[in-house]
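# Tertiary structure, described
One-letter residues, chain by chain:
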Amino acid sequence: MTTANEVLSAMQTAFPGAILESRIESERRLWAIIDYTQIVEVCKFMHDKLNFDHYSGCAGVDWVTKNEMEVVEFLASHGTHQVVAFLKVKTQRDNPSVKSLTGLYWNANWYERETWEMYGINFENHPELFPLLLPDELVGSWPWRKDFKGYPDVTTGQRAVERLNPSGHTEYIFSPTPAEIEAQTIIQERPKYPTFKEREESELKSDSEMIMHMGPQHAIVPGPFLLDVLVEGERVKKAFLDVGYIHKGIEKIMENRTWLQGITYTDRLCYLASLSNNECYCGVVERLLGITPPERAQYIRVILEELSRIQSHLLGTGEFLTLLGSATYSPFLYMIIDREDILALIESVTGARITHTFVRFGGVRNDLPEGFIDKCRSVLKKVESRTNEYIALFDQDPIYHLRMDNVGIITTEDAKLMGVAGPPLRASGVPYDMRKEDPILVYPDLDFKVISRTKGDASARIEVRLDEILESLRIIEQCLDRIPAGPIRTEEKIPKKVPAGEAYYRVEDPRGEMGIYAISDGTDKPYRVKVRGPVYAYFQALPPLLEGVYIADVVAIAGSMDACTAEVDR
């Protein structure tokens, strides 16, 4: 097994002097500060020689008191080994700039764009450093910097002023806040870049081509995001994706809330994965605190998170299948009933149906209610029977197969390159699951399979989700059999102020790899919280996936990805 020590040793041998500082957290965690001039070469060596083929994202950090910024690159492997490397590059705060990794990792594109527009860190040789999440009026204000003054006026609560432009469309004007005026941080000159519309229209080559809007208000869009397709006849020649319509600013908000208050915001990252998000955030804080939840609490967390995975797959699959017609409309009506049974189980424990705020640092909020285990077994048996019925129904429906088979194929190589996660990745022949790759809680003690397929098409993605429901049922059954008596929270006192340090924690949420990177400066609030969500990771893979397909297939392809726009616009 490759270890973090072995990776560090290989890096130091290949690039003497390039690793300025390093820290081995565990056999699977390596932290290092890399010389700015050699970051691309070091990452290329890790990609080519050490099998770090998975670019998991990056995070910007503003060290305002040190007058410097840094970019933290998250590198991992798609199953060759289980080491995660966090490589830092530092830059001066005045006119910050680092080298882009887009020439090495295709999916670094969006992560670097986000860091640029939120922090103002330039990425040298990035092919399209355009806004992604912010409205045009805020680009250049760098809102995630520590000295950002552009919050709404505390007396009026207004930041965006609505008005009609000459063409009759609504637009929003962002007037300077009193704090900006006082601090003299009003933007005088904004970055120059082509607008989204200009970038679209520049791709039109003939009168036979046109731009068609499929969002932000469209049946295939599970939340508001803009999907435009450039079509010629019935074929899509190019697709364009724009996000940021419901940007929540959760990462920035959490910097201004206590560590405990932050749990509530993780519910809102994606309501279909709120328990997994609770787990991810509480897990990273537990690592900072150096505590481990009691065994009973770990089993309770696994039970609820697997129930949450089932309800998410039921809703995501059923909702999508209504778009295809044929016999696939009816299952939605039944899947909703099944989901209600699952939600009732979860509600009996957490007291909520969707936003739970249930996981706690060092345990859970409350124990399982009396009679839960018997009731749970009854529901699991019913869901198993119904899921097998859905599988048989789809297998015998010819219209379903015409719409889904060999549509939207993602090859194994492309799935890795594009950074897709969860069921879309596993449907392309990559059995990559955090419950096995980076196991937490009691998952190492449980017997379960990583569900995968090799076809990589729309139908394979649905097959993976349905089989994952059955596998989650088996995981829960094992937990019900094994859950011990005992405390549900650690006996250690949880301090309000978290010791200074940094940590990263990953879980397998219903849509794939969810990670949270947190920095503590020793106070009662996080210094930085970075959310690495699975949908953000594979959203940028959608445009190239749609090129060359029929317009009618856009529905099957985009819907089969099971996106959660709320998580993208966190």
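Treat the numbers as computed from the prediction; the structure is a model and nothing was measured.

As a further point, take a nonpolar patch on the surface. A surface patch of nonpolar side chains, amounting to about 290 Å² of accessible area, comprises Leu333, Tyr334 and Ile337. Residue tyrosine 334 is classed as partly exposed on the basis of its relative accessible area, which comes to 45%.

Attention shifts here to unusual backbone geometry. Most of the time, phi is negative for any residue but glycine, and the peptide bond is trans. Within the chain, asparagine 125 stands out as a residue other than glycine whose phi angle is a positive 70°. Considering the arrangement of structural elements, one finds asparagine 125 in the loop between strand E7 (122-124) and strand E8 (160-164). One non-glycine residue, tryptophan 142, lies in positive phi territory at about 50°.

The next thing to look at is the nonpolar core. With 176 residues, the main nonpolar core has Met11, Met46, Leu87 and Leu307 as its most contacted residues. In terms of domain composition, this core takes at least three residues from each of domain 1 (4-138) and domain 3 (250-569). With sequence-adjacent residues up to four places away left out, leucine 307 is seen in contact with Ile342, Leu345, Ile346, Phe372, Leu380 and Ile476. Core analysis: the next-biggest nonpolar cluster, separate from the first, contains 5 residues, Phe196, Ile211, Leu226 and Phe240 among them.

Okay, the domain arrangement of the protein chain next. One can read the domain layout of the protein chain as domain 1 (4-138), domain 2 (143-189) and domain 3 (250-569). Centre-to-centre, using C-alpha coordinates, domain 1 lies 27 Å away from domain 3. Taken together, the contact pairs 36 residues of domain 1 with 31 residues of domain 3. Taking both sides of the interface into account, the surface hidden between domain 1 and domain 3 amounts to around 2900 Å²; carbon and sulfur atoms contribute 53%. Summed over the three residues of domain 1 that lose the most area to domain 3, namely His78, Trp106 and Trp110, the buried surface amounts to 24% of that side. Between the two partners, domain 1 and domain 3, sit 4 salt bridges. Here arginine 29 makes a salt bridge to aspartate 438, at a shortest N to O gap of 2.9 Å. Connecting domain 1 to domain 3 are 16 residue pairs in polar contact (both at pLDDT 80 or more). Elements that contribute at least two residues to the side of domain 1 that touches domain 3 include exactly strand E1 (19-26), strand E2 (29-34), strand E3 (54-63), strand E4 (68-76), strand E5 (84-92) and helix H3 (108-119). Residue classes in the side of domain 1 that touches domain 3 are distributed as 17 nonpolar, 10 polar and 9 charged.

Definitions and cut-offs
Residues numbered from 1 in each chain as written. Predicted model: local features only at pLDDT ≥ 70, side-chain atom pairs only at ≥ 80, totals over all residues. Heavy atoms only, no water. Patch = residues over 30% accessible without salt bridge, like charges linked within 9 Å, V, L, I, M, F, W, Y side chains within 5 Å. Areas by Shrake-Rupley, 256 points an atom, 1.4 Å probe, with all protein chains shown as cover. Salt bridge = Lys/Arg side-chain N within 4 Å of Asp/Glu carboxyl O. Buried < 20%, exposed > 50% of the residue type's maximum accessible area, 1.4 Å probe, protein only. Helix = DSSP H or I, 4+ residues; strand = E, 2+ residues; numbered from the N terminus. Core = buried A, V, L, I, M, F, W, Y, C linked by side-chain atoms within 4.5 Å. Domains from an automatic or database assignment. Contact = heavy atoms within 4.5 Å. Buried area = accessible area lost by both parts, 1.4 Å probe. Polar contact = N/O pair within 3.5 Å; in protein donor to acceptor, adjacent residues only side chain to side chain. Nonpolar A, V, L, I, M, F, W, Y, C, P; charged D, E, K, R; others polar.

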